[in-house]
Amino acid sequence: MPFPDLGRRWLAARAGLAVLHLDAAAAGPASQAVVGAQTAHLAAEATLGSYGAQEGAAEHLTAARAALAGLLDPALAEADVAFHHCATSAFTALLDTWPLPRGGRVGIVPSDFSSNLLALRARALRDGLELVDLPVLPDGRIDADRLRRGDGLAALDRLDLVTFPEVPSQRGIVQPTAAVAALCRDAAVPVLLDVAQSLGQVDVTAAGATGGVAAYVGTSRKWLCGPRGVGFLAVRADFAERLGVPAPTGYTARWEPDPAATGGGRLVPFGGVGRFDIGEAPVAARVGLATALAEHIEAGPARIRARVQALGAAARRRLDGVAGWRLGEDTTSPSGIVTLRPPNGVDPAAARARLQLEERILTTAIDETRARDAVPALRVSPHVHSTLADLDRLAEALERVTTRPAP
């Protein structure tokens, strides 16, 4: 494995971890420094008052937004990033305000996360939109060649928006995002990119550098190893003013009297992405994310990506075929997410539960409700702290829980 020193330091920073954590795609383990930053902020709220503590944390929160901008897109700045509750709420907030014509078309993929798909369907019902599947290869990756040629309804000159997760949560693939974004840029079709599962394990800036991505949504708790309850969105400055007003509050818009307008006035959104920020929020969790981002950047994002991807490749080699489990993606996929399809008669949810209860190993069970192309599988997602010995331990445990009756 590359960068073994990084792996050792990452694990030492998480002293006290009581399980074999192979579930970063659900929630990466936070360091003691991240936990300490949150508890210190909560203590400050108790002694200085919540708003006083927030004022004291302003520099850390600004640094967090700047760090996210740098990890996402070379055209983004700190002011282009806003915090939200989670990736799904950020996606919904952006989608609700996206400038789409009635009857317009949105290009999507079968691997869209179920919550995002619900939001897309709700907007489609509201405004008569048509959701059109982009052409994909058998493994779920967008077929950039067919997209370039312009097949049927998914031809880019017939679309008003393209949106997809760069890495889906139910399969260990990575979309050819840079190629797709470049095609969308040339066709003047904006891209709304979900990086919840990619930021921290994939170089997201490769797509951002094309200029084809208008906006991003993501979360703190996965590959960035921050706390739960914090998401973010980022919008390029040249696109932000095209967005409408999110749920109107004193944080997002103002009322401007206009006797000629219906109701005697109109809503005017605040400038930039600040209109999407959540005023009443768990600031301690945001402070924790700021610390996690500082750790991520200090460790070296390229080093982290290289180790995660190497661990994913090693996990595929070690786990494919164990007790009849088979890989759900190609062995060369550059993703830290590994999926294993069960042998006949084995329930992935039951296997996951036994791995956790009997073996103290964290994984995730995937079922058909996660996405339209999801199939039952066991998901394994090692992070930087993981080792080849950890993968051996999982393989041996998986053999036991698959072949032996439950106690």
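Residues numbered from 1 in each chain as written. Predicted model: local features only at pLDDT ≥ 70, side-chain atom pairs only at ≥ 80, totals over all residues. Heavy atoms only, no water.

If you check an unreviewed UniProt entry, the protein appears there as Class V aminotransferase from Pseudofrankia asymbiotica. Database annotation for the protein, UniProt heading Cofactor (unreviewed entry): "pyridoxal 5'-phosphate". (UniProt positions renumbered as here; feature names shortened; annotations may be inferred.)

Glancing now at the pairing of strand S6 (residues 191-194). Here S6 shows no split at all, with Val191 and Leu193 on one side and Leu192 and Asp194 on the other all buried. In this structure, strand S5 (residues 161-165) lies alongside S6, joined through four bridges in parallel fashion. Bridge pairing in S6 links Phe164 to Leu193. In this region the chain leaves S5, passes through helix H9 (residues 177-186) and returns to the parallel neighbour S6; the handedness of that crossover is right-handed. (Buried < 20%, exposed > 50% of the residue type's maximum accessible area, 1.4 Å probe, protein only. Helix = DSSP H or I, 4+ residues; strand = E, 2+ residues; numbered from the N terminus. Pairing = 2+ DSSP bridges. Right-handed = clockwise from strand over helix to strand, strands pointing away.)

Our next topic: helix H14 (residues 348-359). Because an α-helix packs 3.6 residues into every turn, residues spaced three or four apart end up facing the same way. Turning to H14, its buried residues are Pro348, Ala351, Arg354, Leu355 and Glu359. Down the axis of H14, the smallest arc covering the buried residues is 120°, so these residues share one side. The inward-facing, buried residues of H14 contact strand S13 (361-362), strand S14 (364-366), strand S15 (377-380) and helix H15 (388-403). Here H14 starts with a cap whose side-chain oxygen sits 3.1 Å from the backbone nitrogen of Ala349, and that cap is Asp347. Looking at the residues trailing H14, positive phi occurs at Arg360, about 60°. (Arc of directions from axis to C-beta. Contact = heavy atoms within 4.5 Å. Polar contact = N/O pair within 3.5 Å; in protein donor to acceptor, adjacent residues only side chain to side chain.)

A few words now on the side chain of Gln197. Within the secondary structure layout, Gln197 lies in the loop between S6 and helix H10 (205-208). Residue classification places Gln197 among the buried residues on the basis of a relative accessible area of 4%. Within polar-contact distance, the side chain of Gln197 engages the backbone oxygen of Ala25 at 2.8 Å. Leave out the neighbours within four places in its chain, and Gln197 touches Ala25, Val167, Pro168, Ser169, Lys222, Trp223, Ile337 and Arg379.

Enumeration according to the criterion identifies 23 salt bridges in this entry. A salt bridge links Arg65 to Glu78; the nearest nitrogen and oxygen atoms lie 2.9 Å apart. On the criterion of sequence distance, the pair formed by Arg65 in helix H5 (residues 58-72) and Glu78 in the loop between H5 and strand S2 (81-84) is long-range, its members being 13 residues apart. Take Glu78: its relative accessible area is 27%, and that puts it in the partly exposed class. Asp127 is the salt-bridge partner of Arg126, the closest N and O atoms lying 3.4 Å from each other. You can call Asp127 buried: its relative accessible area is 14%. Shared partners join several salt bridges into a network, and the residues in it are Arg102, Arg123, Arg126 and Asp127. (Salt bridge = Lys/Arg side-chain N within 4 Å of Asp/Glu carboxyl O.)

Phi at Ala188 is positive, roughly 60°, even though this residue is not glycine. Within the secondary structure, Ala188 sits in the loop between H9 and S6. A relative accessible area of 68% means that Ala188 is categorised as exposed.

Judged by pairing direction, the sheet is antiparallel, and its four strands sit side by side in the order S11-S12-S15-S14 without closing on themselves. Pairing within the sheet leaves two strands with one partner each, and these edge strands are strand S11 (326-327) and S14. For strand S12 (residues 338-341) and S15, the ladder comprises three bridges, and the chain directions are antiparallel. Within S15, the position partnered with Val338 by the bridge is Val380. Each of S11, S12 and S15 touches helix H13 (residues 301-319); the most contacted strand, S12, lies at about 20° to it. (Axes fitted to C-alpha atoms, helices over the stretch in contact; angles between N-to-C directions.)

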